[in-house]
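The residues making up each chain are set out below.
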Amino acid sequence: MRLAELRRTVCELHAELVRYRLVAWTAGNVSARVPGSDRFVIKPSGISYDDLTPESIVVCDLDGTLVEGELAPSSDTAAHAYVYRHRPDVGGVVHTHSTYATAWAARGEPVPCVLTAMADEFGGEIPVGPFALIGDDSIGRGIVSTLDGHRSPAVLMRNHGVFTIGSDARAAVKAAVMCEDVARTVHIARAGGEPVPIPPADIDRLYERYQNVYGQRR
Ligand SMILES: [Zn+2]
């Protein structure tokens, strides 16, 4: 994929964060690895979603240093860069403070796997990562170390919000949308009583089927 095309894709995917009500003001971002290079594209800092253009999407190296673009990169760039450096399989990263998922993060509580849709997408609970301050590698380290032990492409960083990963940026956006959706449903379920867990063997079967059989074969 050409760089110009990737910038357009990432620009358009930011509109999905708005459409699915995952962001307030400018607090959310999408990035994508430039295939076959040690660079990635990411949202510029502090620009409203309506004002984003493909040309305003900036290019950084895997240390998070700006290499192309007029604007300063997102303040979350170091976290995205850390994930790309340590997870060569990851092609896209998304960060939001979406309401229900972040409410679980505020309690430091993983979202338990009590829905078949969660087993499909996340292969288990959505885990909680450590409390980490912005400014160095600690958010990135927390994301990578937490997701290491999980099939989930989403992590709830404690007292902060959601980071998701995917094979490309679109997959990471999908994970962010699904994460908020199940966080909301399980929140509502629990308001009425204790949700019923799904047996681990059934979670495995659901995950396996969804990841390998579901959808259109190409
Ligand atoms: Zn944040």
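The paragraphs below set out a description of the structure included in this document. (Residues numbered from 1 in each chain as written. Predicted model: local features only at pLDDT ≥ 70, side-chain atom pairs only at ≥ 80, totals over all residues. Heavy atoms only, no water.)

Let us look at the packing of aromatic side chains. This model, assessed by the stated rule, comprises one aromatic pair. When the ring of Phe40 is compared with that of Tyr84, the centres are 4.9 Å apart and the planes differ by 35 degrees; the resulting orientation is tilted. With Phe40 in strand 2 (residues 39-42) and Tyr84 in helix 2 (residues 77-86), this pair connects stretches of sequence that are 44 residues apart. Tyr84 matches Phe40 in its accessibility class, with the two residues each being buried. Lying over the aromatic face of Trp104, Arg107 brings its terminal NZ or CZ to 4.5 Å of the ring centre. (Phe/Tyr/Trp six-rings, centres within 6.5 Å; stacked < 30°, edge-to-face > 60°. Helix = DSSP H or I, 4+ residues; strand = E, 2+ residues; numbered from the N terminus. Buried < 20%, exposed > 50% of the residue type's maximum accessible area, 1.4 Å probe, protein only. Lys NZ or Arg CZ within 6 Å of the ring centre and 35° of its normal.)

With that out of the way, let us pick up the coordination of the zinc ion. Under ideal tetrahedral coordination, the four donors around a metal are separated by 109.5 degrees; under ideal octahedral coordination, the six donors are separated by 90 or 180 degrees. Every protein donor of the zinc ion is listed here as His95 (NE2), His97 (NE2) and His160 (NE2), and their distances to the metal cover 2.1 Å. Every donor residue of the zinc ion comes from the same chain, spaced as H-x1-H-x62-H. For His97, a relative accessible area of 35% puts it in the partly exposed group. (Donors = N, O, S within 2.8 Å, 3.2 Å for Na, K, Ca; no water.)

Moving on to the pairing of strand 7 (residues 154-157). Here strand 7 shows a buried face lined by Ala154 and Leu156 and a second buried face lined by Val155 and Met157. For strand 6 (residues 128-129) and strand 7, the ladder comprises two bridges, and the chain directions are parallel. Across the sheet, residue Val128 finds its bridge partner in strand 7, namely Leu156. Note: strand 7 against strand 8 (residues 161-166), four bridges, orientation antiparallel. Bridge pairing in strand 8 links Ala154 to Thr164. Two successive antiparallel strands, strand 7 and strand 8, enclose a turn made up of three residues, where Asn159 displays a positive phi of approximately 60 degrees. (Pairing = 2+ DSSP bridges.)

Right, let's get into the packing of helix 3 (residues 99-107) against helix 6 (residues 169-191). The contact between helix 3 and helix 6 brings their axes to 7 Å, and the two run at 65 degrees. Relative to helix 6, helix 3 is oriented roughly perpendicular. Crossing angle aside, the handedness with which helix 3 passes helix 6 is left-handed. On the side of helix 3, the interface is formed by Thr99, Tyr100, Ala101, Trp104 and Arg107, while helix 6 contributes Cys179, Glu180, Ala183, Arg184, Val186, His187 and Arg190. In terms of residue class, the contact of helix 3 with helix 6 is built from six nonpolar, two polar and four charged. (Axes fitted to C-alpha atoms, helices over the stretch in contact; angles between N-to-C directions. Parallel < 35°, antiparallel > 145°, perpendicular 65-115°, else oblique. Left-handed = near helix turned anticlockwise from the far one by under 90°. Contact = heavy atoms within 4.5 Å. Nonpolar A, V, L, I, M, F, W, Y, C, P; charged D, E, K, R; others polar.)

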